[in-house]
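What follows is the residue order along each chain.
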Amino acid sequence: MAMHLGPSASDDELLTTINTTPLVDVMLVLLIIFLITIPVVTTSVKVALPHETQQPRETKPDNIVLSIDAQGRAFFYDAPVRSQADLTKQLQALAEKKPQPEVQIRGDAQADFEAVGRVLYAVQSAGLTKVRFVTEPQGTP
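Only a predicted model underlies this, so the values are computations on that prediction, with no experimental measurement involved.

(A) Focus on the overall build of the protein chain. Counting its secondary structure elements, the protein chain contains three helices and five strands. The N-to-C order of helical and strand elements in the protein chain reads α-β-β-β-α-β-α-β. A buried classification covers 20% of the 141 residues belonging to the protein chain. Within the protein chain, contacts between residues separated by at least 24 positions form 70% of all contacts whose residues are at least 6 apart in sequence. Of the roughly 12100 Å² that the protein chain leaves accessible, carbon and sulfur atoms contribute 60%.

Below, the structure written as structure tokens:
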């Protein structure tokens, strides 16, 4: 059994070769990074993308606000709608105004599309043409 206690006469020689393994590893990593990022940075088709504009919407007194809750119940302003026919009659009376008021539909995110579709059908049957869906701005919980 041998034990190494220090440098021997043969260890006095200097290493005159360069270890290139770490250099090759770094170069391969850089090559992979460049190969991945170059196609993302360069695009061949120049397109003028539209800019998003956010305009605050105010509810005017002559606007019609229809709401649909998560259970699918419809509300004319804050009053619950008893039937589809009643809603259509109320909207037909308002559709005769000149200029026509704007209908703002506030549908709950959990509401069925069928409930929103029934309200939209009543608006269309009444002859109202200005319809807007009210949503939350992006970033608002």
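(B) Quick look at the nonpolar core. Counting residues in hydrophobic clusters, the biggest one holds 19 residues, and the most contacted among them are Ile64, Leu66 and Leu91. When contributions to this core are tallied by element, the ones reaching two or more residues are strand E1 (64-68), strand E2 (74-76), helix H2 (84-95), strand E4 (103-107) and helix H3 (113-126). When residues of this core are assigned to their parent elements, the largest contribution, six residues, is made by H3. Setting aside residues up to four positions removed in sequence, isoleucine 64 forms contacts with Phe76, Tyr77, Leu91, Leu94, Pro101, Glu102, Val103, Gln104 and Leu128.

(C) Molecular detail of the confidence of the model for the protein chain. Predicted confidence across the protein chain gives a mean pLDDT of 80, with 73% of residues reaching 70 or more. Within the protein chain, the element-level pLDDT minimum falls on helix H1 (residues 21-41), averaging 85, and the maximum on H3, averaging 91.

(D) Region of the structure containing the packing of H2 against H3. Packing of H2 against H3 brings their axes to within 8 Å, and their N-to-C directions diverge by 40°. Of the possible angle classes, the one that applies to H2 and H3 is oblique. Both H2 and H3 take part in a crossing whose hand is right-handed. Taken together, the residues of H3 that come into contact with H2 (itself represented by Gln84, Leu87, Thr88, Leu91, Gln92 and Ala95) are Arg118, Val119, Tyr121, Ala122, Val123, Ser125 and Ala126. In terms of residue class, the contact of H2 with H3 is made up of eight nonpolar, four polar and one charged.

(E) Region of the structure containing the environment of alanine 109. On the secondary structure map, alanine 109 appears in the loop between E4 and H3. Among the residues examined, alanine 109 registers a relative accessible area of 76% and is labelled exposed. On a C-alpha basis, the gap between alanine 109 and alanine 70 in space is 7.2 Å, while along the polypeptide they are 39 residues apart.

(F) Here's a closer look at the sheet that holds strand E3 (residues 79-80). Pairing within the open sheet is mixed, and its five strands lie in the order E3-E2-E1-E4-E5. With one partner strand each, in any of the chains shown, E3 and strand E5 (131-133) form the two edges of the open sheet. Two elements, E1 and E2, share three bridges in a ladder whose sense is antiparallel. Paired with serine 67 across the strands is phenylalanine 75, a residue of E2. Sheet contacts for H3: E1, E2, E4 and E5; angle to E1, the most-contacted strand, approximately 155°.

Cut-offs used in this document
- Residues numbered from 1 in each chain as written.
- Predicted model: local features only at pLDDT ≥ 70, side-chain atom pairs only at ≥ 80, totals over all residues.
- Heavy atoms only, no water.
- Helix = DSSP H or I, 4+ residues; strand = E, 2+ residues; numbered from the N terminus.
- Buried < 20%, exposed > 50% of the residue type's maximum accessible area, 1.4 Å probe, protein only.
- Contact = heavy atoms within 4.5 Å.
- Areas by Shrake-Rupley, 256 points an atom, 1.4 Å probe, with all protein chains shown as cover.
- Core = buried A, V, L, I, M, F, W, Y, C linked by side-chain atoms within 4.5 Å.
- pLDDT = per-residue confidence, 0-100.
- Axes fitted to C-alpha atoms, helices over the stretch in contact; angles between N-to-C directions.
- Parallel < 35°, antiparallel > 145°, perpendicular 65-115°, else oblique.
- Left-handed = near helix turned anticlockwise from the far one by under 90°.
- Nonpolar A, V, L, I, M, F, W, Y, C, P; charged D, E, K, R; others polar.
- Pairing = 2+ DSSP bridges.

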